[in-house]
Each structure stands twice: as structure tokens, then as C-alpha cells.
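Listed below, chain by chain, are the residues.
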Amino acid sequence: MRGQSTTDATYGSTLAGTGEGPAADSGTATDTRRTGRRMLRRVLPALAAAGIGITGFAGAAHGQTVSAQGPAAVQAAEASFPTWGTRWVVHASADAGSPAVGMINKTAAGQDRITADYQVDTGRKVCEGDACSTYMAHVTGPVEGFLSVVAVAIPEDRLPGVPVEDGPAPQEPSASREEMLRRATTWLTANDGAQVPYSQTTNWKDGYRQDCSGYVSMTLGLPTPGTNTVGLANDRSLTRPISLGELTPGDLLIDADGTSDTRHVVIFEKWNNDAHSSYTAYEQRGGHGTDHRSLTYGLSGGSEFRPYRPVAFGD
């Protein structure tokens, strides 16, 4: 979403076949081929100048039938766009929290152009600097998968001329402990292989605030930019109190007292020993960012940390 647009109204246009079949007489077929060649001589240069990748036209200039490829009867032309920045993750689905399937601009800013055939409005804003978008593009090259439109060097928040397909239903909090912990690991390497830095005032590329409660909100799939620590502790539609002995992977330990500089929340993963004298947890902490380490928060007498269970787990 940076820089001058390189698109025009021809993006996403479809060049259909003539509709003539084998039963057409030779005169009609000859006229059709002539018309097709004239049309291609006019249309193909314009599409090429617009940067649109054309598929399914091999041999058309030699009089062969022009036909769409793939499962659809007619395939829309793919649009090509420049990108900016480095190390943009391409995801398996139209969800910024889904597994990575590749990366563009691995070594240099804007080194890759992408081709896209449709885009999805996810309803979840992703930002990088002053560029924001809720759209994920289905890219077909150089890597196939889904890429935030924020990575595309255009001024718009969506790809112009590229069809928009229905997005996913509004996301409910994740009901899976495994999925929550999988999401927790993503911020450990999301910053070009390093952890997401801590901030109470800025949001990460997936739209979530870069503090402890924003991080936990991300792992639970709550709406961006995330609720705060007090909300995680007090909102009974999100969590309920439990005892220390009930802690299982994905539960939370929350200190909701004090100020924004003292409140904190961590994600319990496992006990480190049978004595339950320490545990391993995920957290987003000041001065470091995302971490996965051994902790004792809440285990000593008088600690302000209390254990809670996300109600999305259903137990």
C-alpha cells in the first residue's frame, strides 16, 4: 500500500473465448480465427502494458481455440503488482495467524512482484507504519498463498480491479488449547526471525497491540487490537477464575492490580517439575518482547497473580 499505483481499469478483466465449437462451418471458423487474431493483437499489448499475467492463450495466434484453464469455464486474468518492504509472510489461508507457506522480498525491499487472482476482506485490520488494510490477497506467484495487501506498493487498501470473495465469518475466540499455543509461538520469530518488540502504544502487523494483553488477545483470536489485562481478568465472557492446581496448557496467570506499568498476563504451558515450583510460559514483556521461559509468577504467598481459564475452551 505504498507508492504510486501501477494499476488501471483493465486489472481483473476476462478475455472469453468466441463460443464457436467443432460444429461451426469452415467459413465461420475462418472468420472467427481472423477476428480472434485481430482482437488478440489489440488486447494483449494493452494487458501486457498493464502488467497482467495472461494464462490459457498459448497457440491462440496460430488459430487454435482460446480456452480458459482450471475448474472454471472462464478464468479471470491475473493482475501483477509491485511490493515494498522486506520479509512479508505468505499464509496458508486468509488469516494472518495461519501457518506460513512462504515469504516474499526475503533479501531486498520490493524485489518481488506478486500476481493475485482474488482477495478476501477479513474484517481484521493489519498495519505497517501508516499503511493499513483488512484485505488478504490470494497470490499465485512467486509463492502461492495469502498475503496482506499492506505489502503491496499501491495507495489503496485493496487491490484495484481484483475480485473480492466472501471473507470468513466473524472470528470467535479459539476453542482449541493447541491452536492458542501455536499462535503464541508465532510472535517468537515474527520480527524477521526475532521476537515481536514490546509496546503499549503500537500494533504489530497482524493488528494486535504489542503488549502482554494484546499478545494474549492474539492467541485467543479476540478482535484487534485486543482487550487489556483488566478485561482478561474481569470479563466472564472471556475467562473464569480457577485454582493453581487446575492449571493446564493455555490457561492464564494474571496480575490485574496496579497500573498499566505493573499489570501483566502470561500463558501457562506446563509445569517444570512434580513439585510445581515453576512452570514454562509464553509472555510479552517490557524491555524484551515475546518470550518463552520458566516463571514462578503466582506461586509464592501474597502474589497478585491469579490463575484463569479462557471460557472458549469449554471446560
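Because the structure is predicted, anything quoted here is derived from the model rather than measured. (Residues numbered from 1 in each chain as written. Predicted model: local features only at pLDDT ≥ 70, side-chain atom pairs only at ≥ 80, totals over all residues. Heavy atoms only, no water.)

## Description of the overall build of the protein
Selection criterion: For the purposes of this entry, the term helix denotes a DSSP run of H or I that reaches at least four residues, the term strand denotes a run of E that reaches at least two, and both are numbered from the N terminus. Any residue under 20% of the maximum accessible area for its type is buried, any over 50% is exposed, and the rest in between are partly exposed; the area is computed with a 1.4 Å probe on protein chains only. In what follows, residue pairs with any heavy atoms lying within 4.5 Å of each other are defined as contacts. Here, Shrake-Rupley sampling with a 1.4 Å probe gives the accessible areas, and only protein chains in the shown set may cover a residue.
Counting its secondary structure elements, the protein contains 4 helices and 13 strands. When burial is assessed residue by residue, the protein has 43% of its 315 residues classed as buried. Sequence-distant contacts in the protein: of pairs separated by 6 or more residues, those separated by 24 or more amount to 56%. Just so you have it, the protein exposes about 15000 Å², and 51% of that area is on carbon and sulfur atoms.

## Quick word on the environment of T280
How we decide: Residues adjacent in sequence count toward polar contacts only when both atoms are side-chain atoms; beyond that, a polar contact is any pair of N or O atoms within 3.5 Å, and within protein one must be able to donate a hydrogen and the other to accept it.
Assignment of secondary structure puts T280 in strand β11 (residues 279-285). Judged by relative accessible area, T280 falls into the buried class, the value being 11%. The spacing of T280 and K270 is 10 residues in sequence and 5.4 Å in space, taken between C-alpha atoms. Other than its neighbours up to four places away in sequence, T280 contacts I267, F268, E269, K270, N272, H292, R293 and S294. Here the side chain of T280 touches N272 through a polar contact of 2.7 Å, side chain to side chain.

## Observations concerning helix α2 (residues 177-186)
Count 3.6 residues to each turn of an α-helix, and residues three or four apart come out pointing the same way. Which entries qualify depends on this criterion: Here, the arc refers to the directions that run from the helix axis to the C-beta atoms.
Of the residues making up α2, those classed as buried are R177, M180, L181, R183 and A184. The buried residues of α2 all sit within an arc of 155° when viewed along its axis, so they share a single face.

## Here we look at the sheet that holds strand β10 (residues 264-271)
Selection rule: What makes two strands pair is DSSP finding at least two bridges between them. Each axis is a line fitted through C-alpha atoms, taken for helices only over the stretch in contact, and angles between the N-to-C directions span 0 to 180 degrees.
Spatially, the 6 strands line up as an open sheet ordered β8-β13-β9-β10-β11-β12, and their pairing is antiparallel. Where the open sheet ends on each side, the last strands, each with one partner, are β8 (239-241) and β12 (289-295). Between one strand axis and the next, the sheet turns by 35° as a mean value, whatever way the strands run. Bridge analysis of β11 against β12 gives 7 bridges, and the strand direction is antiparallel. Of the residues in β12, the one forming a bridge with Y282 is H292. Along the sheet face, α2 touches β9 (252-255), β10, β11, β12 and β13 (306-310) and points at about 115° away from the line of β10. Its contacts with the sheet put helix α3 (residues 212-220) on β9, β10, β11, β12 and β13, and the angle it makes with β10 is roughly 50°.

## Considerations on the side chain of S217
For S217, the location among the structural elements is in helix α3. At 2.8 Å, the side chain of S217 and the backbone oxygen of S213 are in polar contact. Contact partners of S217, with chain neighbours within four places excluded, come to Y208, L222, G226 and T227.

## Things to note about the pattern of salt bridges
Formally: The term salt bridge refers to a pairing of a side-chain nitrogen on Lys or Arg with a carboxyl oxygen on Asp or Glu at a separation within 4 Å.
Taken as a whole, this structure holds 12 salt bridges when the rule is applied. In this structure, R182 engages E179 in a salt bridge whose closest nitrogen and oxygen atoms are separated by 2.8 Å. With a gap of 3 residues between them, R182 and E179 both fall in helix α2, about one helical turn apart. A salt bridge links D291 to R285; the shortest N-O distance between them is 2.8 Å. Here D291 falls in the buried class, since its relative accessible area comes to 12%.

## Brief notes about the environment of S133
For S133, the position within the fold is in strand β5 (residues 131-141). The exposure class of S133 is buried, given its relative accessible area of 2%. A polar contact is formed between the side chain of S133 and the backbone oxygen of D157, at a distance of 2.5 Å.

## Describing the confidence of the model for the protein
This is how it is decided: Values of pLDDT, ranging from 0 to 100, describe the predictor's confidence in every residue of the model.
Model confidence for the protein is summarised by a mean pLDDT of 78, while 72% of its residues fall at 70 or above. Scored below 50 in pLDDT, residues 3-76 makes 77 contacts in the model with residues more than four places away or belonging to other chains.

## Thoughts on the packing of α2 against α3
Heads up, the condition is: Here the word oblique covers every angle except those under 35 degrees (roughly parallel), over 145 (roughly antiparallel) and from 65 to 115 (roughly perpendicular). For any pair of crossing helices, the crossing counts as left-handed if the nearer helix is rotated counterclockwise from the farther one by less than a right angle, and right-handed if it is rotated clockwise.
Where α2 meets α3, the closest approach of the two axes is 8 Å, and the angle between their N-to-C directions is 130°. It follows that α2 is oblique to α3 by the angle criterion. Like other packed secondary-structure pairs, α2 and α3 cross with a definite hand, here right-handed. On the side of α2, the interface is formed by M180, R183, A184 and T186, while α3 contributes Y215, M218, T219 and L220.

## Examining the packing of aromatic side chains
Stated formally: Think of it this way: a Phe, Tyr or Trp ring, Trp meaning its six-membered ring, pairs with another when their centres are within 6.5 Å, and the plane angle makes it stacked under 30 degrees, edge-to-face over 60, tilted otherwise. Whether a charge sits over a ring comes down to the Lys NZ or Arg CZ being within 6 Å of the ring centre and within 35 degrees of the ring normal.
Scanning all chains against the criterion turns up 7 aromatic pairs. Both rings, one in W271 and one in Y279, keep their centres 6.1 Å apart while their planes meet at 90°; by these two values the pair is edge-to-face. On the basis of relative accessible area, Y279 is assigned to the buried category, the value being 0%. Grouping aromatic residues by their ring pairs yields a cluster made of F268, W271 and Y279. Over the face of the ring belonging to W88 we find K205, whose NZ or CZ atom lies 4.8 Å from the ring centre.

## Some points on the pairing of β11
For β11, the tally of buried residues reaches 6 of 7 residues, placing the bulk of the element in the interior. Here β10 runs beside β11; their pairing, made up of 4 bridges, is antiparallel. Paired with I267 across the strands is Y282, a residue of β11.

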